[in-house]
Amino acid sequence: MSEAESRHYRICPLCEACCGLEVKTRGERVVSIRGAENDVFSAGYLCPKAYALKDLHEDPDRLRRPLLKRDGRFVEVGWDEAFDEAERRLVPLLAEHGRDAVALSVGNPSAHKMSLLLYFARLAKGLGTKNVFSASTLDQMPKQLASGLMFGHWLSVAVPDIERCEHLIVIGANPAASNGSMWTVPDFRAKARALRARGGRLVVIDPRRSETAELADAHHPIRPGSDAYLLAAMAWTLFEEGLVRPGRLEPHLQGLDELRQALQPFTPEAVAGRCAIAAPVIRGLARDLAAAGRGCVYGRIGTCTQRFGSVASWLVDVLNVLTGHLDAPGGAMFAKAAAFAQNTMGPPGSGRGVTTGRWASRVSGAPEVFGELPMNCLAEEIETPGPGQVKALITVASNPVLSAPNGARLAAAFDSLDFMVSLDIYLNETTRHADLILPGPSPLDDAHYDVAFPQLSHRNHARYSAPVFAPEPGRPAEWQNLLRLTAIARGLGARADLQTLDDEGLADDLHRRAGANAGAVMQALAGRRGPERLLDLALRSGPWGDGFGTRPGGLTLERVAAAPGGIDLGPLEPRIPEMLRTPSGKVELAPPALLQDLQNAWAELQAAQPPLVVIGRREVRSNNSWMHNLPTLAKGPERCVALVHPSDASRAGLADGDRARIAGRDGAVEVKIELSAQMMAGVISLPHGWGHSLAGARLGVAAERPGVNLNLLMDDRVRDPLSGNAVLSGAPVTLEAL
Ligand SMILES: Nc1nc2c(c(=O)[nH]1)N[C@H]1C(S)=C(S)[C@@H](COP(=O)(O)OP(=O)(O)OC[C@H]3O[C@@H](n4cnc5c(=O)[nH]c(N)nc54)[C@H](O)[C@@H]3O)O[C@H]1N2
Ligand SMILES: Nc1nc2c(c(=O)[nH]1)N[C@H]1C(S)=C(S)[C@@H](COP(=O)(O)OP(=O)(O)OC[C@H]3O[C@@H](n4cnc5c(=O)[nH]c(N)nc54)[C@H](O)[C@@H]3O)O[C@H]1N2
Ligand code: SF4
Ligand SMILES: [Mo]
């Protein structure tokens with residue numbers, strides 16, 4: 001007898017678009033996954049990765065039970081034994097070497113799991129280590145720093161209001177393939193087409209004629225790493241030609257004169273050669289943006305992962321301010337998230353702002369940014385002896401052996417650790433080095449609410465997903481694993497009562513947020529536990545919340561959960577000055593650290609440029625380093641190929657389909673090349689996250705077509721010194737035939 005089919009709604013946790021999915025199941029099986037038509041935010045859109053949630057759920061290589069390494073081999077153990085071992089190893093190490101001896105490395109999927117995002121902070125605090133590393137410094141830290149300095153909080157990031165936009169400049173992003181980043185915008189393609197259909201213009205600035213460039217009215221190839229120069233010259237043009245018109249924002253700005261001063265040398269003629277974009281084109285880009293009724297510049301990873309990434313990210317918003325497009329409909333606007341947004345908490349209009357460098361890394365002295373140290377400093381902190389040396393590592397959904405520069409060095413460093421534990425769902429390139437792996441559940445077994453992405457969404461919304469399948473009995477959720485490690489780190493033991501610990505954590509939060517009302521609020525939340533309780537608190541005390549009765553009809557978790565397609569909270573609305581959290585209560589146009597680094601950029605303008613460099617690439621059917629084991633996505637043409645401009649190929653004597661050796665400073669890869677007129681001459685494009693041929697991993701499907709690791713070509717000594725971000729764009733390489 002066949003079981004009845006049931007229907008579930010689930011937000012896709014695989015990328016930042018956060019599409020609503022309709023998952024049909026029969027018993028324990030997934031029958032189908034489709035875009036949820038009733039989703040108030042994504043309205044039925046999905047990409048091919050969504051269907052891979054079924055593969056992921058069923059993947060025989062996905063870990064279900066803890067793995068403990070004994071005599072060099074992994075064996076399955078029970079949860080109690082696993083945590084007892086963690087306690088046995090971690091506690092003496094902390095006692096002997098201190099808190100900083102344990103490092104944390106947290107990766108991208110954590111941003112997509114409320115369990116991990118909300119409870120990682122508990123572990124970091126309980127551990128008290130300064131050695132916290134994350135994918136943020138391989139990615140968006142420059143944008144967060146620039147936003148923090150300008151608007152007062154790290155997540156006060158302005159995003160294009162694309163549905164009302166008429167002129168969109170996309171620089172260093174490829175949302176047609178990535179589905180958007182630091183900008184939650186499902187179905188970018190349809191929205192870009194609609195923009196053009198209503199007479200708007202899409203302009204793309206990218207060394208490669210990307211999928212997004214293919215959709216655009218204009219594409220300007222740019223030499224990798226030179227975006228800060230281009231953007232500075234655009235801003236210079238606005239000042240020079242009297243096009244600076246901040247409009248409504250005028251009284252809320254600070255530093256306009258200093259900014260004008262600092263930009264003085266950056267004429268289009270001065271930077272044209274470096275950017276490989278002609279001066280009249282640069283002037284035209286500035287004039288068109290100024291002339292647009294509604295428009296903005298959107299910059300993403302290509303503008304972040306470079307030496308002047310923070311400066312470039314800052315200048316993106318400077319241009320939006322100068323042209324009157326920041327915080328204006330159709331421009332770059334700020335979401336008002338229903339939960340967890342710092343820019344909706346506390347007194348409106350000003351705040352403490354952001355501070356960096358509260359501590360520094362031991363070996364290189366890199367400043368702390370947003371509570372983190374640069375991922376590029378992790379290896380040296382493990383390798384370099386002396387007080388404060390990292391002796392143990394906890395990875396949380398993080399695969400730095402593939403995702404960080406010089407993975408070979410990191411792999412060797414991991415082998416020298418006294419203890420390593422990984423919260424991860426695979427035995428892969430990084431976790432093979434662990435002594436203990438603690439697996440999390442399949443996303444379909446987990447409840448979900450996006451903690452971060454509604455803060456970056458092109459429209460306000462609140463959506464919650466209940467688990468599709470009942471979690472396996474006896475199997476802890478990831479927040480419980482994090483809390484148990486927290487208990488161990490705090491000396492409370494592996495068998496500490498998690499409920500008590502969770503209550504204490506909440507009481508702490510409440511004390512900060514609700515003050516005198518803490519007792520009553522705790523009472524009102526009494527029916528819930530774990531992340532759901534934190535979520536209910538955040539929703540109810542948030543800007544759209546019921547205020548625990550003071551705003552009847554406002555949001556509660558109960559209300560959000562009862563709406564299967566979520567709750568639409570309308571288009572973005574102007575939020576300046578209310579959302580500002582800078583000490584001055586103004587938009588800071590000229591933060592001193594950025595002005596200083598702009599001068600450094602000027603000093604480096606004439607530096608000799610390498611003849612051949614490599615950049616990264618994202619493709620719809622792949623996602624960073626961990627989805628290559630899913631058959632739905634693994635099939636089809638080989639994806640880990642290098643795109644090479646025909647002139648560069650012919651110089652190396654290479655033809656289409658040949659195998660070539662691409663070498664960086666510390667490593668080399670051998671890979672198939674594809675001749676591509678999409679590339680600008682002197683630039684090779686290779687995707688990251690590949691290289692699944694390392695011994696000891698358990699990724700049966702991925703190993704069949706392992707690809708090569710782009711990060712073996714990256715130099716782990718170079719970074720954007722302000723944000724600590726790695727330089728992943730424009731690494732010098734050589735190309736030769738095999
Ligand atoms: N050269 C180059 N390098 C890059 C980039 C680039 O563009 N070029 N991009 C960078 C960027 S933007 C990022 S974000 C990083 C990403 O790099 P990482 O942060 O390392 O993330 P992933 O490569 O996605 O690896 C995710 C890990 O989490 C595990 N995982 C997946 N789901 C779960 C789960 O539910 N629970 C737990 N506990 N674990 C899970 C996976 O098995 C895998 O080990 O890579 C960066 N590296
Ligand atoms: N399918 C898929 N989707 C993903 C991911 C994935 O791996 N696969 N990863 C997710 C993650 S973690 C992130 S952070 C986002 C990133 O999302 P995006 O920021 O959109 O990242 P990319 O698609 O890599 O696009 C970056 C673009 O910058 C260009 N570029 C490289 N160097 C430079 C430069 O110096 N200057 C300029 N102007 N352009 C440059 C590249 O050619 C590329 O087209 O994507 C997310 N979505
Ligand atoms: S674009 Fe694809 S991977 Fe991203 S959230 Fe939507 S369905 Fe999931
Ligand atoms: Mo990322």
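Keep in mind that what you see is a predicted model, and the values were worked out from it rather than measured.

Draft legend 1. Highlighting the site of ligand 1. In the neighbourhood of ligand 1, 26 residues make up the surrounding shell, with Lys113, Ser403, Asp424, Asn428 and Ser625 lying closest. One of the backbone N or O atoms of Ser403 is found 2.7 Å from a nitrogen atom in ligand 1. For ligand 1, an oxygen atom lies 2.5 Å from a polar atom in the side chain of Asp424. Protein contact buries 97% of the 920 Å² of open area that ligand 1 shows by itself. The residue makeup of the shell around ligand 1, split by class, is 11 nonpolar, 10 polar and five charged.

Draft legend 2. Just the pattern of salt bridges, in detail. Scanning all chains against the criterion turns up 45 salt bridges. In this structure, Arg283 engages Glu241 in a salt bridge whose closest nitrogen and oxygen atoms are separated by 3.9 Å. With Arg283 in helix H11 (residues 279-291) and Glu241 in the loop between helix H8 (227-240) and strand S12 (253-254), the pair connects residues that are 42 residues apart, well separated along the chain. Residue Arg283 is classed as buried on the basis of its relative accessible area of 18%. Taking relative accessible area as the criterion, Glu241 reaches 28% and is therefore assigned partly exposed. Arg717 is paired through a salt bridge with Asp715; the nearest N and O atoms lie 2.7 Å apart. Using a relative accessible area of 13% as the deciding quantity, one classes Asp715 as buried. Linked by salt bridges that have partners in common, Glu85, Arg88, Arg89 and Asp435 make up one network.

Draft legend 3. Expanded view of the site of ligand 3. Every residue near ligand 3 is listed here: Cys12, Leu14, Cys15, Ala17, Cys18, Cys19, Leu46, Cys47, Lys49, Ala50 and Asn179. Using a 2 Å cut-off from the grid points, one finds that ligand 3 occupies the largest cavity. Considering only residue class, the shell around ligand 3 consists of nine nonpolar, one polar and one charged.

Draft legend 4. Region of the structure containing helix H16 (residues 407-415). Buried within H16 we find Gly407, Leu410, Ala411, Ala413 and Phe414. When H16 is viewed along its axis, its buried side chains cluster within an angular range of 165° and face the same direction. Set apart from the buried face of H16 by more than 90 degrees, the exposed residues are Ala412 and Asp415.

Draft legend 5. Geometry of the layout of surface pockets. Its volume calculated, the second largest pocket comes out at about 630 Å³. For the second largest pocket, the lining is made up of 29 residues, of which Gln609, Pro610, Ser729, Gly730 and Pro732 are closest to its centre. Here the residues of the lining of the second largest pocket are counted per class, giving 16 nonpolar, six polar and seven charged.

Draft legend 6. A look at the side chain of Ser134. Relative to the helices and strands, Ser134 resides in strand S7 (residues 132-134). According to the relative accessible area criterion, Ser134 is buried, its value standing at 3%. Of the polar contacts made by the side chain of Ser134, one reaches the backbone nitrogen of Ser136; its length is 2.8 Å. Ignoring sequence-local partners within four residues, the contact set of Ser134 consists of Val106, Glu372 and Met375.

Draft legend 7. Structural view of the packing of aromatic side chains. Evaluated as defined, the whole model comprises nine aromatic pairs. Both rings, one in Tyr119 and one in Trp479, keep their centres 5.2 Å apart while their planes meet at 40°; by these two values the pair is tilted. Linking Tyr119 in helix H3 (residues 114-127) with Trp479 in helix H17 (residues 478-489), this pair joins segments that are 360 residues apart in sequence. Judged by relative accessible area, Tyr119 falls into the buried class, the value being 0%. Residue classification places Trp479 among the buried positions, given a relative accessible area of 12%. When the centroid spacing of 4.9 Å and the interplanar angle of 75° are considered together, the rings of Phe151 and Phe334 count as edge-to-face. Note that Phe151 is positioned in helix H4 (residues 141-151) and Phe334 in the loop between strand S14 (332-333) and helix H14 (378-383), a separation of 183 residues in sequence. The exposure classification of Phe151 matches that of Phe334, with both residues buried. The ring of Tyr119 is capped by Arg122, whose NZ or CZ atom sits 5.6 Å from the centre of that ring. Of note, Lys336 hangs over the ring of Trp544, and the distance from its end group to the ring centre comes to 5.5 Å.

Draft legend 8. Main features of the environment of Asp424. Within the secondary structure, Asp424 is located in the loop between strand S16 (419-423) and strand S17 (436-438). Taking the relative accessible area as the measure of exposure, Asp424 reaches 9% and is therefore buried. Once residues lying within four places of it in the same chain are set aside, the contact partners of Asp424 are Leu63, Ala397, Ser398, Thr431, Ile437, Leu438, Pro439 and Gly440. Among the polar contacts listed, one links the side chain of Asp424 to the backbone nitrogen of Tyr426, at a separation of 3.0 Å.

Draft legend 9. Layout of the sheet that holds strand S10 (residues 201-205). Within the open sheet, the four strands sit side by side as S11-S10-S9-S13. Their pairing is parallel. Only two strands of the sheet have a single neighbouring strand rather than two, namely strand S11 (218-220) and strand S13 (295-299). Mean inter-strand twist for the sheet, computed between neighbouring axes without regard to direction, equals 15°. The sheet contact formed by S10 and S11 spans three bridges and is parallel. Within S11, the residue paired with Val203 across the bridge is Ala218. This element, H11, spans strand S9 (167-171), S10, S11 and S13 of the sheet and lies at about 135° to S9.

Draft legend 10. Main features of empty space enclosed by the protein. This structure, assessed with the given rule, holds eight cavities of 30 Å³ or more. Together, Cys12, Leu14, Cys15, Ala17, Cys18, Cys19, Tyr45, Cys47, Lys49, Ala50 and Asn179 line the largest cavity. Here the residues of the lining of the largest cavity are counted per class, giving nine nonpolar, one polar and one charged.

Draft legend 11. Expanded view of unusual backbone geometry. With an omega dihedral of 15°, the bond running from Ile576 to Pro577 counts as a cis peptide bond. Along the polypeptide, Pro577 turns up in the loop between strand S19 (567-571) and strand S20 (587-588). Phi is positive for Phe548, which is not a glycine, with a value near 55°. The topology assignment puts Phe548 in the loop between helix H20 (530-541) and helix H21 (557-561). Taking relative accessible area as the criterion, Phe548 reaches 24% and is therefore assigned partly exposed. Non-glycine residue Asn624 carries a positive phi angle of around 45°.

Draft legend 12. Examining the packing of H8 against H11 more closely. Interaxial distance between H8 and H11 falls to 8 Å at its minimum, and their mutual angle equals 60°. Between H8 and H11, the interaxial angle falls into the category oblique. Considering how the two elements wind past one another, H8 and H11 form a crossing that is right-handed. Residues Leu230, Ala233, Met234, Trp236, Thr237 and Leu238 of H8 form the contact with H11, whose participating residues are Ile282, Arg283, Leu285, Ala286 and Ala290. Looking at the contact of H8 with H11, its residues break down into nine nonpolar, one polar and one charged.

Draft legend 13. Spatial organisation of the state of the cysteines. Under the definition given, this model contains zero disulfides. Cys47 supplies the cysteine sulfur nearest to Cys640, a cysteine that is in no disulfide, at a spacing of 19 Å.

Draft legend 14. Expanded view of helix H6 (residues 188-197). By the burial criterion, the buried members of H6 are Phe188, Lys191, Ala192 and Leu195. Burial along H6 is one-sided: seen end-on, the buried residues are contained in an arc of 100°. Tucked inside the fold, the buried residues of H6 contact S9, helix H5 (175-178), S10 and helix H7 (211-215). Just past H6, the residue Gly199 takes up positive phi, approximately 95°.

Calculation rules
Residues numbered from 1 in each chain as written. Chains lettered and ligands numbered in written order. Predicted model: local features only at pLDDT ≥ 70, side-chain atom pairs only at ≥ 80, totals over all residues. Heavy atoms only, no water. Near = heavy atom within 4 Å. Polar contact = N/O pair within 3.5 Å; in protein donor to acceptor, adjacent residues only side chain to side chain. Areas by Shrake-Rupley, 256 points an atom, 1.4 Å probe, with all protein chains shown as cover. Nonpolar A, V, L, I, M, F, W, Y, C, P; charged D, E, K, R; others polar. Salt bridge = Lys/Arg side-chain N within 4 Å of Asp/Glu carboxyl O. Helix = DSSP H or I, 4+ residues; strand = E, 2+ residues; numbered from the N terminus. Buried < 20%, exposed > 50% of the residue type's maximum accessible area, 1.4 Å probe, protein only. 1 Å grid on protein atoms, 1.4 Å probe; cavity = no way out; pocket = protein on both sides within 12 Å on 5 of 7 lines; lining within 4 Å. Sits in = over half its atoms within 2 Å of the grid points. Arc of directions from axis to C-beta. Points joined across faces, edges and corners; volume = space filled by probe spheres on them. Contact = heavy atoms within 4.5 Å. Phe/Tyr/Trp six-rings, centres within 6.5 Å; stacked < 30°, edge-to-face > 60°. Lys NZ or Arg CZ within 6 Å of the ring centre and 35° of its normal. Pairing = 2+ DSSP bridges. Axes fitted to C-alpha atoms, helices over the stretch in contact; angles between N-to-C directions. Parallel < 35°, antiparallel > 145°, perpendicular 65-115°, else oblique. Left-handed = near helix turned anticlockwise from the far one by under 90°. Disulfide = S-S within 2.5 Å.

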